[in-house]
Structures are given as structure tokens and as C-alpha cells.
Amino acid sequence: MFLVTGSTGNIGAEVVRALAAAGEPVRALTRDPGRAPSLPGVEYVAGDLNDPASLRPHLKGARGLFLLPGYEGERQVLADAAGAGVERVVLLSGSSAGLPDNGNVITRFMAAAERAVRESGPPWTIIRPSAFMSNTFQWLPQLREGDVVRAPFATVPVANIDPADIGAVAARAFLTDGHEGRIHMPTGPEPLLPADRLRILAAALGRDLRLEALPDDVAREEMLRTTPPAYVDAFFDFYAAGTLDESIVRPTVQEITGRPSRTFEQWTAEHAATFR
Ligand SMILES: NC(=O)c1ccc[n+]([C@@H]2O[C@H](COP(=O)([O-])OP(=O)(O)OC[C@H]3O[C@@H](n4cnc5c(N)ncnc54)[C@H](OP(=O)(O)O)[C@@H]3O)[C@@H](O)[C@H]2O)c1
């Protein structure tokens, strides 16, 4: 049995799906099981990563723990996992955790989570994916209003990864040998600009969509309406100052899962209904 945190989110849901598809029983953590979907072999359980005691009963009998980074309770959750005899922790981290400079809040919390996992005892695997294709859902409110998407960092190419590929990599890290103490850095198959993603999405939806590149000062102002300043600074550090290069394509998904990483065309085809 595997305990999967973030199970209602883009990545955790794919980890749940991949483990369940492999016939593994899953405990899927959410703060609100009442709103969780119903999936065969999956038991949705209540817990909050900021309240480690709420996870303790769910760790009993778990072979593996899939952990999201950056929560207050992570060291205690990891200590409890070790105490419960969990045999493998797979941590979702991010590509910035590997940067030499811990100068921004995102890099800091990812690196701290990685340190906690390395120091926690149970065998571990860390996944540092590139930015997710599902970040494209951020455009949904604009797409409901019209055909123009105003996007920050429009000149920055990113090899966005399909969450399904992260789920598949995590499942292999749990279920097959050779992943202990390793950091996997899966990416999507090609670097895409925001305008490339919008073009592909437009084709899938049969809509005439146009990207408007936001100048950095306007982008900062707009992001500050919904995002804490330290996080806005981190994104500017990565994508405006260019400290993070997420355009690099790696063969990790193919090497670990035996199939190529999924394209943005595949992701949009699968999620077209959400955009309609
Ligand atoms: N976006 C990227 O490109 C990127 C790249 C690398 C790494 N990451 C990391 O990946 C993480 C997951 O991304 P995602 O897109 O899957 O997120 P998401 O779709 O927003 O889902 C967040 C998940 O976290 C759970 N959650 C939130 N607060 C919680 C708490 N206090 N205790 C327990 N669970 C809690 C939510 O569950 P309930 O609401 O059901 O409780 C939900 O399942 C991000 O938070 C980030 O740290 C993101």
C-alpha cells in the first residue's frame, strides 16, 4: 500500500492513477475526502501536511510515501514514515533545487525538502521535473473571457512535462529497483514558448487564439495580485534574470518508463474538455 500526498492535484492524481493501474492499493491523502473522486483500489483519507499527526494513522502499513515539498510538517511526517517502516519515499521537488544559489523562496523550500528526505532514514528517490504542462490551466479564466491570452515570460522556452509522465516515473521509482538515492530530472519532449503552447491549444480547440506578451513590469504587477511577493520574485529570478534553464530536454522519461515523454499535443487532446 502506498500513501500519496497531493492526491487531488495535477501530479498526485497521476501518481495515484499509475499505482492503481499497476494493481497497487493506494491511500490518497486530501484535506477533504468528501470532494475526492471515486477510483477502484483507491481509498481517499483525510490529512493535512501541516499537521503531521493527521497522517500518522495512514502511514501504518504503507510501503511507500509520495511526498509534496514545502510543508511545515515535512520533517515530522518523514520521521513518522521511518517509524512506520516505510520502505521508500519519493519526493516531488523541482528543477531549481539543483541550482547552486539558494537565493529565492522556491529554491529554498525545494532544497530544504530534499535535505529533509535525505536525512530522514527511509530509502528515497527525488524527482526534479521541469515545469508542468498543467500550468497551462492558469490560462482558463482568460480563455473563458475571450481569445487573447496575456502571458508573462513570453520569450522563455520550457520543456514542459505532462503530469502523467511524472506519475509514471514515480510509480516506477516505487515499484522497480535501481532508483534508491537517485535524483530523476524528467522533462517534456521539446522546449516550447508560451505562444507555441497556445498555438497547439488553439488547434485542439478549433479556436483562433492570440498571445499577448506581457512586459516584465506589467507581468509583475499582475502576478502580485494573486501571488505572494517572494514567489513573484522567485519566478522573475528564474525566467527574467534567467537563473533557471528549463528548455533542456532529457531522456529520463524514456529511460525510466520505456516510452517517450508525452507531447503537449497529447496533453491538450486529453484535457480539451476542461478548456471547452
Ligand atoms: N507547477 C510546476 O511547474 C511545478 C514544478 C515543479 C514542482 N512543483 C511542485 O509541485 C507541487 C504540486 O503541484 P500540482 O500542480 O500537483 O499542485 P495542485 O494541482 O495545486 O495540487 C495541490 C495538492 O496539494 C494538496 N495540498 C495543499 N495543501 C495541503 C496541505 N496543507 N496538506 C495536504 N495536502 C495539501 C491539495 O490537496 P487537497 O486540497 O485535496 O487537500 C492538492 O492535492 C507544487 O505545489 C510545487 O511545490 C510545481
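One structure accompanies this document, and this report is about it.

Conventions used here
Residues numbered from 1 in each chain as written. Predicted model: local features only at pLDDT ≥ 70, side-chain atom pairs only at ≥ 80, totals over all residues. Heavy atoms only, no water. Core = buried A, V, L, I, M, F, W, Y, C linked by side-chain atoms within 4.5 Å. Buried < 20%, exposed > 50% of the residue type's maximum accessible area, 1.4 Å probe, protein only. Helix = DSSP H or I, 4+ residues; strand = E, 2+ residues; numbered from the N terminus. Contact = heavy atoms within 4.5 Å. Salt bridge = Lys/Arg side-chain N within 4 Å of Asp/Glu carboxyl O. Near = heavy atom within 4 Å. Polar contact = N/O pair within 3.5 Å; in protein donor to acceptor, adjacent residues only side chain to side chain. Areas by Shrake-Rupley, 256 points an atom, 1.4 Å probe, with all protein chains shown as cover. Nonpolar A, V, L, I, M, F, W, Y, C, P; charged D, E, K, R; others polar. Pairing = 2+ DSSP bridges. Right-handed = clockwise from strand over helix to strand, strands pointing away. Phe/Tyr/Trp six-rings, centres within 6.5 Å; stacked < 30°, edge-to-face > 60°. Lys NZ or Arg CZ within 6 Å of the ring centre and 35° of its normal. Axes fitted to C-alpha atoms, helices over the stretch in contact; angles between N-to-C directions. Parallel < 35°, antiparallel > 145°, perpendicular 65-115°, else oblique. Left-handed = near helix turned anticlockwise from the far one by under 90°.

A look at the nonpolar core
- Membership of the largest hydrophobic core comes to 47 residues, with the highest contact counts inside it found for Leu19, Leu65, Phe66 and Leu67.
- With six residues, helix H6 (residues 163-175) is the largest single contributor of residues to this core.
- The contact partners of Leu65, leaving out residues within four places of it in the chain, are Leu3, Thr5, Leu59, Val77, Ala81, Val86, Arg88, Val89, Val90 and Phe174.

So, the pattern of salt bridges
- For the coordinates displayed, the defined rule picks out 17 salt bridges.
- Glu119 is the salt-bridge partner of Arg75, the closest N and O atoms lying 3.0 Å from each other. Placement of the pair is Arg75 in helix H3 (residues 74-83) and Glu119 in the loop between helix H4 (105-118) and strand S6 (124-127), with a sequence separation of 44 residues.
- Overall, Glu119 belongs to the exposed group, its relative accessible area being 53%.
- Across the salt bridge formed by Arg118 and Glu114, the nearest N and O atoms sit 3.9 Å from each other. Of this pair, Arg118 and Glu114 both sit in helix H4, separated by four residues, roughly a single helical turn.
- Residue class for Arg118 comes out partly exposed when judged on its relative accessible area of 42%.

Notes on the site of the ligand
- Around the ligand, the structure places 22 residues, and the nearest of them are Thr8, Thr30, Arg31, Leu49 and Asn135.
- Between the ligand and Thr8, the relevant distance is 2.6 Å, taken from an oxygen atom to a side-chain nitrogen or oxygen of the residue.
- Expressed as a share of its isolated accessible area of 920 Å², the protein-covered part of the ligand is 75%.
- The set of elements that each furnish at least two residues to the shell around the ligand consists of helix H1 (10-21) and H4.
- A per-class count over the shell around the ligand returns 10 nonpolar, 10 polar and two charged.

Describing the pairing of strand S2 (residues 26-30)
- With five of five residues buried, S2 is to be regarded as a mostly interior element.
- Of the two faces of S2, the one lined by Val26, Ala28 and Thr30 and the one lined by Arg27 and Leu29 are each fully buried.
- As paired elements, strand S1 (residues 2-4) and S2 share three bridges and run parallel to each other. Note that in S2 the partner of Phe2 across the bridge is Val26.
- For the handedness criterion, the β-α-β arrangement of S1, H1 and S2 is classed as right-handed.
- Of the pairings in the sheet, the one linking S2 to strand S3 (residues 42-46) comprises five bridges and is parallel in character. Looking at the pairing, Thr30 lines up with Ala46 of S3.

A short note on the pairing of strand S5 (residues 88-92)
- Counting buried positions along S5 gives five out of five residues, so the element sits mostly inside the fold.
- The side-chain alternation of S5 yields two buried faces, one formed by Arg88, Val90 and Leu92 and the other by Val89 and Leu91.
- The pairing of strand S4 (residues 64-67) with S5 spans four bridges and is classified as parallel. Following the sheet pairing, Leu65 is matched in S5 by Val89.
- Following the backbone out of S4, through H3 and into the adjacent parallel S5, one traces a crossover that is right-handed.

Things to note about the environment of Ala195
- As for its position among the elements, Ala195 is in helix H7 (residues 194-205).
- Put simply, Ala195 and Val149 are 46 residues apart on the chain and 9.2 Å apart in space, counted from C-alpha to C-alpha.

Observations regarding the packing of aromatic side chains
- The tally for this structure, following the rule as stated, stands at nine aromatic pairs.
- Each ring, one from Phe238 and one from Tyr239, has its centre 6.1 Å from the other, and the planes form 70 degrees; the classification is edge-to-face.
- What makes Phe238 buried here is its relative accessible area of 3%.
- Since its relative accessible area comes to 16%, Tyr239 is described here as buried.
- Ring centres of Phe264 and Trp267 lie 5.6 Å apart, and the angle between their planes is 20 degrees; on these two criteria the pair is classed as stacked. One end of the pair, Phe264, and the other, Trp267, are both in helix H11 (residues 264-275), three residues apart, so they sit about a helical turn from each other. The same class applies to Phe264 as to Trp267, namely buried.
- An aromatic cluster is defined as three or more aromatic residues linked by ring pairs; in this entry it consists of Phe137, Phe264, Trp267 and Phe275.
- The ring of Phe236 has Arg220 sitting right over it, with the charged end atom 4.3 Å from the ring centre.

Digging into the packing of H3 against H4
- Direction vectors running N to C along H3 and H4 enclose 20 degrees, while the axes themselves pass 10 Å from each other. On the basis of the axis angle, H3 is roughly parallel to H4. By crossing handedness, the relation of H3 to H4 is classed as right-handed. Of the residues in H4, those in contact with Glu74, Arg75 and Leu78 of H3 are Ala112, Ala113, Arg115, Ala116 and Val117.
- Broken down by class, the residue content of the contact of H3 with H4 amounts to five nonpolar, no polar and three charged.

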